[in-house]
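Below, each chain spelled out in residue letters.
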Amino acid sequence: MKKLIIKNASELVTCRGKAPKKGSDMSNIGIIYNGSVVIEDGIIVDVDEAVNISSRYDESEYEVIDASEKAVLPGFIDSHTHLIFGGYRADEFSWRLRGDTYMSIMERGGGITSSVRATRSTVLEEFVETGRKRLDKMMAFGVTTVEGKSGYGLDEETEIRQLEAMRILNESHPVDIAATFLGPHSVLPEWKGKEDEFIDYMIEVMKKVRERNLAEFADIFCEKNVFSIEQSRRFLKSAKEMGLKLKIHADEIVRLGGAELAAELGAVSADHLLQASDEGIRMMAEKDVVATLLPATAFCLKEDYARVRDIIDSGCAVALATDFNPGSCFTNSIPLVIALAAIQMRMSVEEIITALTINAASALSRQDSIGSIEAGKKADIIILEFPSIHFLPYHAGVNIVETVIKNGVVVK
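Predicted model only: the values in this text are computed from it and were never measured.

Novice: Explain helix α9 (residues 258-265) to me, using residue names and the numbers behind them.
Specialist: When you tally the buried positions in α9, you get six out of eight residues, the bulk of the element. Burial in α9 covers these residues: Gly258, Ala259, Leu261, Ala262, Ala263 and Leu265. Those residues of α9 that are buried lie in contact with β10 (221-222), α8 (229-241), β11 (245-250), β12 (269-272) and α10 (278-286). Once α9 ends, the next one or two residues include Gly266, with phi positive near 70°.

Novice: Can you lay out the nonpolar core for me, pointing to particular residues and giving the numbers?
Specialist: Leu73, Phe76, Phe235, Leu293 and Met347 are the most contacted members of the largest nonpolar core, which totals 102 residues. By residue number, the principal contributor to this core is helix α7 (residues 195-211), which donates seven residues. When sequence neighbours within four positions are dropped, the list of residues in contact with Leu73 reads Val13, Ile353, Ile373, Asp380, Ile381, Ile382, Leu384, Ile389 and Leu392.

Novice: Tell me about the packing of helix α5 (residues 124-140) against helix α6 (residues 156-172), and name the residues and values.
Specialist: In helix packing, the relevant descriptors are the interaxial angle and the interaxial distance, both defined with respect to the helix axes. Where α5 contacts α6, the axes come no closer than 9 Å and their chain directions differ by 50°. If you check the angle between α5 and α6, you find them oblique. α6 is crossed by α5, and the crossing has right-handed handedness. The residues of α6 that touch α5, namely those facing Leu124, Phe127, Val128, Gly131, Arg132 and Leu135, are Arg161, Gln162, Glu164, Ala165, Ile168, Leu169 and Ser172. Of the residues belonging to the contact of α5 with α6, the class tally is seven nonpolar, three polar and three charged.

Conventions and cut-offs
Residues numbered from 1 in each chain as written. Predicted model: local features only at pLDDT ≥ 70, side-chain atom pairs only at ≥ 80, totals over all residues. Heavy atoms only, no water. Buried < 20%, exposed > 50% of the residue type's maximum accessible area, 1.4 Å probe, protein only. Helix = DSSP H or I, 4+ residues; strand = E, 2+ residues; numbered from the N terminus. Contact = heavy atoms within 4.5 Å. Core = buried A, V, L, I, M, F, W, Y, C linked by side-chain atoms within 4.5 Å. Axes fitted to C-alpha atoms, helices over the stretch in contact; angles between N-to-C directions. Parallel < 35°, antiparallel > 145°, perpendicular 65-115°, else oblique. Left-handed = near helix turned anticlockwise from the far one by under 90°. Nonpolar A, V, L, I, M, F, W, Y, C, P; charged D, E, K, R; others polar.

Just geometry here; none of it tells us what the structure is for.
See the structure below:
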């Protein structure tokens, strides 16, 4: 039996709970000062003040990590990424910086069409190799579970190849991957005007994805000039009938009603939400749909940030994620997300931690097993190099994760 004690943490952040935290409860992260954690066979068995743990357990029977003058938190969960793709679009980023429009970039063969071409020509082994390197970097930031979407193939063969790469990585890399089928991510020129037929095609692809158990979630880019509310409803209802859980790219550019649709269909999360209506957010709160906000995307696109204070005040649970992808947000930096959430979105450090742990776990339907430090949950834990959580936004944009523990094993 593998046995481990992390002791004497100056701040031990528990985030206790098996449901997403809403409203003012997002600030309740359950800090134990001078706390200790007992882990056996990858599972947390006890959490308490260090003096109480030392009286109940014989340290000579355990591997011991002394976390004196360090803060200990649940592992971060990045609940919205597109981590498997081919090619890069660095030139487009520079074009955008000089003022080129998205449409002008599309006209010269850029945008998602460029990523689709590169992804279709990428073999499985290369997906796995580059995916492993990306996961290593995410893990160094303290990420112990990540969501990964397909969506850069837009055809059966490539979508399945992306998901197969995620399955291989999930089985071989310490970081857990929750896979999402995002077949309807965009409309290629050859499908323009035939979006309904494309949805039909993607429903057939989704059947094969489901037969091979390659995805846990289904997602769609519900947006003006991409997929309408009715097209999104039809696709997501089909996914639900197949037993997949639902996510939705909602109300990012135009207030289309994606938040309302997420509530109507009982989606696990609705993501982006820069233009979401008050009524849509109210409905999401009522139906326990997690609002996954992606501040690094707004930053990279120089757009306004989501109305996080209104969303929290409405009683909706908020998660934060990177949206790591080759186009609009080529960053997997959790420190950047923390800095933007604190400085630009006016979230407290406690709210940010909640959004990256128990609420992010809830955005992946894994709140029963990860996202907090409490008895019975997986020992996914990070140790900071500083004694307080307040160093997370204070040391702005810098990684201060010193140790990463996954399933009770030190992996960094």
